[in-house]
Amino acid sequence: MPPSTFQVHLDNLIAVWMKNRSSLTALLPKGASLSIDYLPEPYYGDMDNSSIVIINMNPGVGLCCQCWHRQNDSGTEVNEAKVKKYSGYAKPFHYLDSPYPFEGTYAAAWWKPRSAWMNRILSNLHIQTDARPFAIELSPFHSPRFGIKDLAGHVIDLKRHGIDIVSCIEHAVLHSQAQLGLAVGKKIYDALTDKRIGYTPISHWPPFVGSPGSLPQRKYALIEKNGVKILCTWAPGSNNAPSSTFSGEEAAILSSIMNSKVTP
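What you see is a predicted model; the values in this text were computed from it and never measured.

## Focus on the overall build of the protein chain
When you go through the protein chain residue by residue, the secondary structure sums to seven helices and seven strands. Scanning the protein chain from its N terminus toward the C terminus, one meets helices and strands in the order α-β-β-α-α-β-α-α-β-α-β-β-β-α. For the protein chain, the C-alpha radius of gyration of 18 Å lies close to 18 Å, the compact-globule estimate for 264 residues. With the principal axes as the frame, the protein chain shows a C-alpha extent of 50 × 40 × 35 Å.

Set out below in structure tokens:
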């Protein structure tokens, strides 16, 4: 799916949602605690020109400023997406602005440690740029808790509805300056390496120990499909981006990736 088609299709879906929030019900997996009450957030940034790509599970809990009922309230995220279409709202990636220009300060704060991690990765890759990252969600719907039992199946089902997330990831990575995707969370790793999606693990690094008594062991794995590489990381009981405690280990990992000396 060309990126322009991906964007237009989502613009149209979200515009219909603005008129009738129940219009997206068919896209929700059965039994999952996902919501159609809040602005779907499928992606942020410019998929044709980014510094690096980061993949998330879903946008998390919906906030008041994203609520369907507030789409006509100026200064809210949902109103901005209505006025400018979703693509116009999402492309600048305002969550990385300081200060954040809308009401959703909680979500903006959530992005700060991820932004710091991406900047550290870019530094290790010797990339200096003014371009912003591109972020994409495997599920665009908010949830009070992540209740999708079959995340890979949900991604495949979204494709049947014209939302080809995997092709978008591949396009964005290949058009990024880093030529690399990032992902935090074992569930993302499991979904992408599911045979229905088809990424293959090509290297992994043993668990690294964080600060004694404070940080859990963290694993890293590099996966690949069609020349698209994604560095995944996870730690037990955490969905946080790696702290600077792991900067030395990450520098060594990225050096091996850059030099194509990863081991199967």
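## What about the nonpolar core?
Of all hydrophobic cores here, the largest spans 85 residues; its most connected members are Ile55, Leu138, Ile230 and Leu231. For this core, the leading source of residues is helix α3 (residues 105–124), giving seven residues.

## Notes on unusual backbone geometry
With an omega of 5°, the peptide bond running from serine 98 to proline 99 counts as cis. Counting through the fold element by element, proline 99 comes out in the loop between α2 (77–90) and α3. The phi torsion at histidine 126 lies on the positive side, around 60°, for a residue other than glycine. Its identity is not glycine, yet asparagine 226 carries a phi of approximately 55°, on the positive side. In this fold, asparagine 226 is placed in the loop between β6 (218–225) and β7 (228–234). Given a relative accessible area of 60%, asparagine 226 falls into the exposed group.

## Some remarks on α2
With 14 residues, α2 extends only 10 Å from end C-alpha to end C-alpha; this falls clearly short of the ideal 20 Å at 1.5 Å per step. The principal kink in α2, of about 115°, is found at lysine 84.

## Description of the side chain of arginine 120
Note on placement: arginine 120 falls in helix α3. In this structure, arginine 120 is in contact with Pro242, Ser243, Ser244, Ser247 and Glu250, ignoring residues within four places of it in sequence.

## Quick notes on the pairing of β6
For β6, a buried count of six out of eight residues is recorded, marking the element as mostly surrounded by other parts of the structure. In the sheet, strand β5 (residues 200–208) pairs with β6 via six bridges, with the strands oriented antiparallel. By the bridge assignment for β6, histidine 204 is matched with alanine 221. Pairing of β6 with β7 involves seven bridges; the strand directions are antiparallel. Looking at the pairing, alanine 221 lines up with cysteine 232 of β7. Between the end of β6 and the start of β7, which pair antiparallel, lie two residues, with asparagine 226 showing a positive phi angle near 55°.

Cut-offs applied
- Residues numbered from 1 in each chain as written.
- Predicted model: local features only at pLDDT ≥ 70, side-chain atom pairs only at ≥ 80, totals over all residues.
- Heavy atoms only, no water.
- Helix = DSSP H or I, 4+ residues; strand = E, 2+ residues; numbered from the N terminus.
- Rg over C-alpha atoms; globule rule 2.2 N^0.38 Å.
- Core = buried A, V, L, I, M, F, W, Y, C linked by side-chain atoms within 4.5 Å.
- Buried < 20%, exposed > 50% of the residue type's maximum accessible area, 1.4 Å probe, protein only.
- Expected span 1.5 Å × (residues − 1).
- Bend = angle between axes of the 7 residues up to and from the residue.
- Contact = heavy atoms within 4.5 Å.
- Pairing = 2+ DSSP bridges.

These values are about where atoms sit, not about what they do.
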